[in-house]
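Commentary on secondary and tertiary structure
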Amino acid sequence: MNESENNLYSLDGTVSIGRAIPFGLQHVLAMFVSNVTPIIILAGIAGLDNALTASLVQNAMIVAGIGTFIQLYPVWKIGSRLPVVMGISFTFLSLSIVIATTQGMGVLMGAVIIGGIIEGLLGLFAKYWIKYITPIVAATVVTGIGFSLLVIGANSFAGGQGARDFGSARNWTVGTVTLISCLVFSAWGKGYLKSLSVLGGLIVGYVAAAFMGMVDLSFEGVGIVALPKILPFKPEFDLGAILSIICIFLVSATETIGDTTALTSSAMNRDITQRELSGTIACDGFVSSVAGMFGCTPITSFSQNIGLAVVTRVVNRFAVATGAVLMILAGLFPAVGVLLTSIPQAVLGGCTIMILGSILVAGFNMITKCSLTRHNMMVVSTSLTIGLGFTQVPAIFDIFPQIIKTVFAENCVAIIFILALVLDHVLPADKGE
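Presented here is an overview of the structure given in this document.

Here we take up the overall build of the chain. Looking only at helices and strands, the chain features 18 helices and two strands. A compact globule built from 433 residues would reach a C-alpha radius of gyration of about 22 Å, and the chain, at 21 Å, matches this within 12%. In terms of principal-axis extent, the alpha carbons of the chain reach across some 65 × 55 × 45 Å. Out of the 433 residues belonging to the chain, those deemed buried represent 56%. Of the contacts made within the chain by residues no fewer than 6 positions apart, 83% connect residues no fewer than 24 positions apart. Of the roughly 18,000 Å² of accessible surface on the chain, a fraction of 68% belongs to carbon and sulfur atoms. The averaged location of the 20 negative side-chain charges in the chain is 7 Å from the averaged location of its 19 positive side-chain charges.

Where two aromatic rings form a pair, the distance of their centres and the angle of their planes describe that pair. Counted according to the given criterion, the structure contains six aromatic pairs. Here the aromatic rings of Phe69 and Tyr73 are separated by 5.4 Å at their centres, their planes lie at 40°, and the arrangement is tilted. A ring pair is formed by Phe157 and Trp172, whose centres lie 5.4 Å apart and whose planes are at 85°; its orientation type is edge-to-face. Of this pair, Phe157 sits in helix α6 (residues 135-157) while Trp172 sits in helix α7 (residues 169-188); the two residues are 15 residues apart in sequence, bridging distant segments of the chain. Using a relative accessible area of 52% as the deciding quantity, one classes Trp172 as exposed.

Our focus in this paragraph is unusual backbone geometry. Even without being a glycine, Trp76 presents a positive backbone phi close to 60°. Summarising the element assignment, Trp76 is placed in the loop between α3 (50-72) and β1 (86-88).

A few words now on the packing of α6 against helix α15 (residues 345-369). Two elements in contact, α6 and α15, have axes separated by 8 Å at closest approach and are oriented at 165°. As far as their axial angle goes, α15 and α6 are roughly antiparallel. The way α6 lies across α15 gives a crossing that is left-handed. The class makeup of the residues in the contact of α6 with α15 is 19 nonpolar, 10 polar and no charged.

Together, Phe69, Ile224, Val225, Leu227, Val325, Leu329, Phe333 and Val336 line one region of the surface with nonpolar side chains, adding up to about 690 Å² of accessible area. Topologically, Phe69 is positioned in helix α3.

What follows deals with the side chain of Ser278. With respect to the helices and strands, the residue Ser278 is situated in helix α11 (residues 274-293). In this structure the side chain of Ser278 is engaged in a polar contact, spanning 2.4 Å, whose partner is the backbone oxygen of Gly123. With sequence-adjacent residues up to four places away left out, Ser278 is seen in contact with Gly123, Leu124 and Ala126.

On to the pattern of salt bridges, then. Side chains that differ in sign of charge can pair as their charged atoms come close. Summed over all chains, the structure comprises four salt bridges. With a closest N to O distance of 3.0 Å, Arg81 and Asp12 form a salt bridge. In this pair, Arg81 sits in the loop between α3 and β1 while Asp12 sits in the loop between α1 (3-7) and α2 (17-46), placing the two residues 69 residues apart along the sequence. For Asp12, a relative accessible area of 45% translates into the label partly exposed.

Turning next to the packing of helix α10 (residues 239-267) against helix α12 (residues 303-312). Across the interface, α10 lies against α12 with an axial gap of 9 Å and an inter-helix angle of 5°. Considering the angle they form, α10 stands roughly parallel to α12. Where α10 abuts α12, its residues Asp259, Ala262, Leu263, Ser266 and Ala267 lie against Ser303, Ile306, Ala309 and Val310. Within the contact of α10 with α12, the residues separate by chemical class into six nonpolar, two polar and one charged.

One finds Met105, Leu108 and Ile245 to be the most contacted residues of the largest nonpolar core, which totals 103 residues. If one sorts the elements of this core by residue count, α10 sits on top with 12 residues. With 25 residues, the next largest nonpolar core counts Leu8, Ala20, Leu29 and Val174 among its residues.

Moving on, we get to the environment of Val426. For Val426, the location among the structural elements is in helix α18 (residues 412-426). On the basis of relative accessible area, Val426 is assigned to the exposed category, the value being 61%.

Below, the discussion takes up the side chain of Asn7. Within the fold, Asn7 resides in helix α1. Of the polar contacts made by the side chain of Asn7, one reaches the backbone oxygen of Thr14; its length is 2.8 Å. Once residues lying within four places of it in the same chain are set aside, the contact partners of Asn7 are Gly13, Thr14, Val15 and Asn316.

About the cut-offs
- Residues numbered from 1 in each chain as written.
- Predicted model: local features only at pLDDT ≥ 70, side-chain atom pairs only at ≥ 80, totals over all residues.
- Heavy atoms only, no water.
- Helix = DSSP H or I, 4+ residues; strand = E, 2+ residues; numbered from the N terminus.
- Rg over C-alpha atoms; globule rule 2.2 N^0.38 Å.
- Buried < 20%, exposed > 50% of the residue type's maximum accessible area, 1.4 Å probe, protein only.
- Contact = heavy atoms within 4.5 Å.
- Areas by Shrake-Rupley, 256 points an atom, 1.4 Å probe, with all protein chains shown as cover.
- Lys, Arg positive; Asp, Glu negative; His and termini not counted.
- Charge placed at Lys NZ, Arg CZ, Asp CG, Glu CD.
- Phe/Tyr/Trp six-rings, centres within 6.5 Å; stacked < 30°, edge-to-face > 60°.
- Axes fitted to C-alpha atoms, helices over the stretch in contact; angles between N-to-C directions.
- Parallel < 35°, antiparallel > 145°, perpendicular 65-115°, else oblique.
- Left-handed = near helix turned anticlockwise from the far one by under 90°.
- Nonpolar A, V, L, I, M, F, W, Y, C, P; charged D, E, K, R; others polar.
- Patch = residues over 30% accessible without salt bridge, like charges linked within 9 Å, V, L, I, M, F, W, Y side chains within 5 Å.
- Salt bridge = Lys/Arg side-chain N within 4 Å of Asp/Glu carboxyl O.
- Polar contact = N/O pair within 3.5 Å; in protein donor to acceptor, adjacent residues only side chain to side chain.
- Core = buried A, V, L, I, M, F, W, Y, C linked by side-chain atoms within 4.5 Å.

Have a look at this one:
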């Protein structure tokens, strides 16, 4: 392996732009559909017209690119200097739908702007509370994230949740071809090709899908350049909506802690620093406020991209930054967005199966690095069992107020985090610890 290839596995190594772009593109393809889907779902339920929805999708790509770039190259204390890819979070979707349909998009955006500022400030002052997130708590949360993501890969593999041909033979065929191609490139590829195993598998799957008539690639009516619209909704500020959104921001911060801890532990073979955690959470919050100004819901770190870094070990900031630039271009040049959105869900599912599974393995690895004491095992087993089990039967939360159901009924990560945190500090430590 030459020096240029080695630099791909170094945070600040010098990499040519020609060598960096494929790795940046690989990151964009891993997150593209997940980034715009929450906006499309919200816009549909809120009754927004097609032109406004298209504008919000465009803004979602631009905001994701800005957030990723700030994570890579921090502004003051905002950003981590880690290869963290940001995108529109699914975590906020259910509450966003409730606020948008009952109080309007303006109230939702006002809550997002204020909630993002609150999370950003929590990030800046993380040194006063981050010590309570012990290694076993972080490891449990990462494992919970890994389990929660498995259904995302499965749904995409089958054609995408709600698709008319969900689970069809052609989706199975394309998903399987893509997954096998990813595995072949990863297991038998050499050097550069091995690290681009996901992109290679995606290209093979895309070609197979095109031959099967599954690719809808139409540029009719697409302009060359489209500038983003700032403040498409006038922000309104409602205390109840703001408090509700802040609760979800706390959950999002937990997911970000888990993601970045998994990244440094498994892709960089070291513990995460307090400065990196603080900057990551600050970026998560403040850029979410920017997202609100663009008419989008909050952003967060994308676990599938963390998984991609774990699989490939490519952590070079410049390489990932080319992906951030491509996201912004996808927002400014509609044709780029059309090309990326033409990738069938089954192809993306075949790619993400391997990526998302790596997060789960990263969680297991982090647990084994903690001493396997009785205390730690009680924290892990109880938190995961309740968090994963109870959210499979959300009706169990029906006796609680709506805000509790919104935050916890289908969000296993929130339950796992709170239980792990409480149990770790309440249960007695083992003798000799």
